[in-house]
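Residue-level structural notes
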Amino acid sequence: MRNLIHPAAPGSDSEGLIQRSALAGHERLDGVIRLAGPGADFPGAGFPGAEEIPGLRKLIRESWQRSARLKANPDNPEAPLALDTDELEEYRRQHPLASIMPVIHKLLVQPSHDSGLLVAVGDEVGRLLWVEGDPVLQRRAEGMMFVPGADWSEATVGTSAPGTALALGRGIQISGAEHYQRSVHPWSCTAVPFHDPDSGALLGVVDITGKASAVAPHTLSLVEATVAAAQAQLRVERLQLAATLASRPARRRSSSSAARAGSARAGGGGSTKEGSLYRNSLQLLGRDQALLSIEGKTVALSARHSEILALLSTHPDGLNAEELSVLLYPGDGSTMTLRAEMVRLRKILVQLNPAAVPESRPYKLSMDLVPDSGQVLSCLQRGAHRIALEIYRGAVLPRSEAPGIIDLRDRVSSLMREAVLTDGSAETLLKYAALPEARDDVDVRTAALKLLPPRSPKRAAVVADLERLEAELSA
């Protein structure tokens, strides 16, 4: 049986067939692009004829189709730079993966020197943060911009191990001409996503890139084992940090000094180990009261405070009192009421972490805070619909009547539904149909029924749901 996830062993007859099939696929892609014209849209299944290419692995075919829909250009010679030097240094210094780089160095980077392999670590949207290993290969890889700061997401460069592993949420191997971008055809790569060991949130990706040995049968197991070891190390460091903080004697400190200390723990100056062990987050999906997590501490917020932080997290440049009131209160909102609410919110946040207290004039978050709604939108934007659905637990603050939250809720929900209907498999459609907001969605169930095999045992439940909805509509 042909392996659908891993390519054949380097040098084997099967590997030769895979490469010939991929090259034949590129010839067909060329014809489609020439016929459709530059920048053409490829709705639905992607570029026509992809499913007729014999020997092309299913995951590669599906990734090419996503790449075509996202308008990735197979003729681009290099990936674009997403972060300049200063931005990169600051960003990776504060990224949670910075703390596990010693593990990556020991298990992957050190053995890769002079071995014809590169080791790359990227963030959750596919931007490379570290690229190390064989120095000769590093110089060659610069020609296709496989360098720190470059964007290797599937939406930008098409099929590649780092971007496609993030899109699928699992480890994969991409060999030679299976890459969507032709400049990458001399290379092969293996990548595994890195998930937060506590929350399960996607933090980034670990990749090995090189020649044929980069997709050897044992390489995927090696990278998976390294990611598991790094996750364990991250959990240990968090436990050590919690024990250290718990053992400190309680002392009265001024708000400003406490904020400076909290900022140092979050990755600012003054800490012995730079960077944060956590990704500060705000969980808004499928719940009426948000969960705020800062440096490993979590608190449930009131409905109003949930709305305030949700709005500030989606307006990084800040909002003045009048702007925030309009987004927060239906009808005519009072800035006096808002100011009183902000005082109560500050008291809660000071106890959680003083560095999390919003700034005033304008109201603005003082630290990076990742809302799960933002993660969903980011995944949808780069075509990672399966990961978006994994994160999506339901509508944003479902019972909120704040105008700004209603707009955010409608935008996230409509984009999620559109993505599932446009690109979803039967399994994806059925998973979405189980959400409360899709309980009465006829279109989703009809689409799932069309994709389910004729003898699938799941068809009966879908048909029963459609009959129920038809009866309710006709009543």
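A short tour of the structure in this document, coming up. Quick caveat, the model's predicted, so the values are computed rather than measured.

**What to know about empty space enclosed by the protein**
One pass over the full model with this rule turns up two cavities of 30 Å³ or more. Empty space within the largest cavity amounts to approximately 60 Å³. If you trace the largest cavity, you find it lined by Leu292, Ile294, Leu309, Leu349, Ala356, Leu365, Met367 and Leu369. For the lining of the largest cavity, the per-class residue count stands at eight nonpolar, no polar and no charged. By volume, the second largest cavity is sized at about 40 Å³. Lining the second largest cavity we find Met144, Phe146, Trp152, Ser160, Pro162, His179, Val184, Trp187, Cys189 and Thr209.

**Notes on the sheet that holds strand S6 (residues 281-283)**
Spatially, four strands are ordered S8-S7-S6-S9 in an open sheet, and the strand pairing comes out mixed. A single partner strand is all that each edge strand has here, and the edge strands are strand S8 (297-300) and strand S9 (370-371). Both strand S7 (residues 291-294) and S8 contribute to a ladder of four bridges, which runs antiparallel. Within the sheet, the bridge partner assigned to Leu291 lies in S8 and is Ala300.

**Things to note about the side chain of Ser63**
Position of Ser63 relative to the elements: it lies in helix H2 (residues 58-69). Residue Ser63 is classed as buried on the basis of its relative accessible area, which comes to 0%. At 2.5 Å, the side chain of Ser63 and the side chain of Glu154 are in polar contact. Ignoring anything within four residues of it in the chain, the contact list for Ser63 reads Glu154, Thr159 and Thr164.

**Some words on helix H18 (residues 459-474)**
Given a rise of 1.5 Å per residue, 16 residues ought to cover 22 Å, and the 22 Å separating the end C-alpha atoms of H18 matches this to within 8%. When we look at burial in H18, the residues that qualify are Val462, Leu466 and Leu469. Seen from one end, H18 has its buried residues packed into an arc of 60°, which puts them on one side. Pointing more than 90 degrees away from the buried face of H18 are the exposed residues Ala460, Ala461, Glu467 and Ser474. Contacts made by the buried residues of H18 are with helix H16 (426-433) and helix H17 (442-451).

**Notes on the pairing of strand S2 (residues 128-133)**
Across the six residues that make up S2, a large majority, five, are buried. Of the pairings in the sheet, the one linking strand S1 (residues 117-123) to S2 comprises five bridges and is antiparallel in character. Bridging across to S2, Val121 finds its partner in Trp130. What sits between the antiparallel neighbours S1 and S2 is a turn of four residues, in which Gly126 has the positive phi angle 95°.

What counts as what
Residues numbered from 1 in each chain as written. Predicted model: local features only at pLDDT ≥ 70, side-chain atom pairs only at ≥ 80, totals over all residues. Heavy atoms only, no water. 1 Å grid on protein atoms, 1.4 Å probe; cavity = no way out; pocket = protein on both sides within 12 Å on 5 of 7 lines; lining within 4 Å. Points joined across faces, edges and corners; volume = space filled by probe spheres on them. Nonpolar A, V, L, I, M, F, W, Y, C, P; charged D, E, K, R; others polar. Pairing = 2+ DSSP bridges. Helix = DSSP H or I, 4+ residues; strand = E, 2+ residues; numbered from the N terminus. Buried < 20%, exposed > 50% of the residue type's maximum accessible area, 1.4 Å probe, protein only. Polar contact = N/O pair within 3.5 Å; in protein donor to acceptor, adjacent residues only side chain to side chain. Contact = heavy atoms within 4.5 Å. Expected span 1.5 Å × (residues − 1). Arc of directions from axis to C-beta.

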